[in-house]
Amino acid sequence: NAYPAAKVMALSPRLTSLYYKPVVFRSMFGWEPRADTPETTPVALEYFRGLQMESESLSALVLSMNESAVSLTLPMESLPLHEMALVCWPNLRTLDLCGEFRPSFGTHLRDLLSRTPQLSRLSLNLSRGPRAGRTPILGRTVHEWMHAIQLRALAISYPDPEDVLF
C-alpha cells in the first residue's frame, strides 16, 4: 500500500532535494504492458497497481515540498504533474524528468514551468512510442511568462526544433 498522504503532510518535511529514478524506460524491459496487450491481463494489472501505489506515495511527498524544493528527479509515469502545476515552486532550480512520454505532458509542464521562477536546469529524458512524433514541450506560441525563463542547462530527448524553447 502507498504511504498514507495524511501522515506525509503531517510530517511537513522541509526536503530540498528528491531523487527517485526507477529503472528508466520500464516498458523496454517488458514491465509495462504493450499496446496490443489487454489491460486486464495479470501483467497489466500488476503494472498499473504498482504505478498507482508509486503515484500516491510520490504525490504526497512531492507536493509537500513545493516551498522548499531545489532539485527534483522523478519518473513521468507516476509524477503528479497536474497537481504540481497548480502550486508555485519558488526555489526549484533543477527539474529532471525521466520515463515514458505522456500525451498531456506538454500542457501540464508549461503550467508548471510558469510557476518555477528560479529554474535553471531542465532535463526531459523521455521515451516515446515508435510512431510518436516530436512534440514541442512549450508549444509553438510564446507566452509572456516564457521571457522570464533563465535556463542555463537544457537536455531533451527527441526535441522539436519548432519548440519555443529554442
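Residues numbered from 1 in each chain as written. Predicted model: local features only at pLDDT ≥ 70, side-chain atom pairs only at ≥ 80, totals over all residues. Heavy atoms only, no water.

1. Describing the nonpolar core
Piece 1. Counting residues in hydrophobic clusters, the biggest one holds 30 residues, and the most contacted among them are Leu-72, Leu-95, Leu-97, Phe-105, Leu-109 and Leu-124.
Piece 2. Among the secondary structure elements, those contributing two or more residues to this core are helix H2 (42–63), strand S2 (71–75), helix H3 (81–84), strand S3 (94–100), helix H4 (105–113) and strand S4 (121–127).
Piece 3. At four residues, the largest contribution of residues to this core is made by H4.
Piece 4. If near-sequence neighbours (up to four positions away) are discounted, Leu-109 is found in contact with Leu-81, Leu-95, Leu-97, Leu-124 and Ile-137. (Core = buried A, V, L, I, M, F, W, Y, C linked by side-chain atoms within 4.5 Å. Buried < 20%, exposed > 50% of the residue type's maximum accessible area, 1.4 Å probe, protein only. Helix = DSSP H or I, 4+ residues; strand = E, 2+ residues; numbered from the N terminus. Contact = heavy atoms within 4.5 Å.)

2. A short note on the sheet that holds S4
Two orientations exist for strands paired in a sheet by backbone hydrogen bonds: parallel and antiparallel.
Piece 1. As summarised here, the arrangement of the five strands in space is S1-S2-S3-S4-S5, forming an open sheet in which the pairing is parallel. On the outer flanks of this sheet lie strand S1 (17–19) and strand S5 (153–156), each paired with one strand and no other. The average angle at which neighbouring strand axes cross in this sheet is 10°, direction not considered.
Piece 2. As defined by bridge partners, S2 adjoins S3 across five bridges and the pair is classed as parallel. From the neighbouring strand, Leu-74 faces S3, where its bridge partner is Leu-97. (Pairing = 2+ DSSP bridges. Axes fitted to C-alpha atoms, helices over the stretch in contact; angles between N-to-C directions.)

3. Looking at the environment of Ser-57
Piece 1. With respect to the secondary-structure elements, Ser-57 resides in helix H2.
Piece 2. Residues Ser-57 and Leu-79, 22 residues apart in the sequence, show an inter-C-alpha distance of 10.0 Å.

4. A closer look at H4
Piece 1. Among all positions in H4, only Phe-105, Gly-106, His-108, Leu-109, Leu-112 and Leu-113 are buried. Down the axis of H4, the smallest arc covering the buried residues is 165°, so these residues share one side.
Piece 2. Of the surrounding secondary structure, the elements contacted by the buried residues of H4 are H3, S3 and S4. (Arc of directions from axis to C-beta.)

5. Quick word on the confidence of the model for the chain
Piece 1. Scored by pLDDT, the chain comes out at a mean of 78, with 73% of its residues at no less than 70.
Piece 2. Within the chain, the lowest mean pLDDT, 66, falls on helix H1 (residues 5–11), and the highest, 94, falls on S2.
Piece 3. Confidence over residues 28–33 falls short of pLDDT 50; this stretch has twelve contacts with residues more than four positions distant or in other chains. (pLDDT = per-residue confidence, 0-100.)

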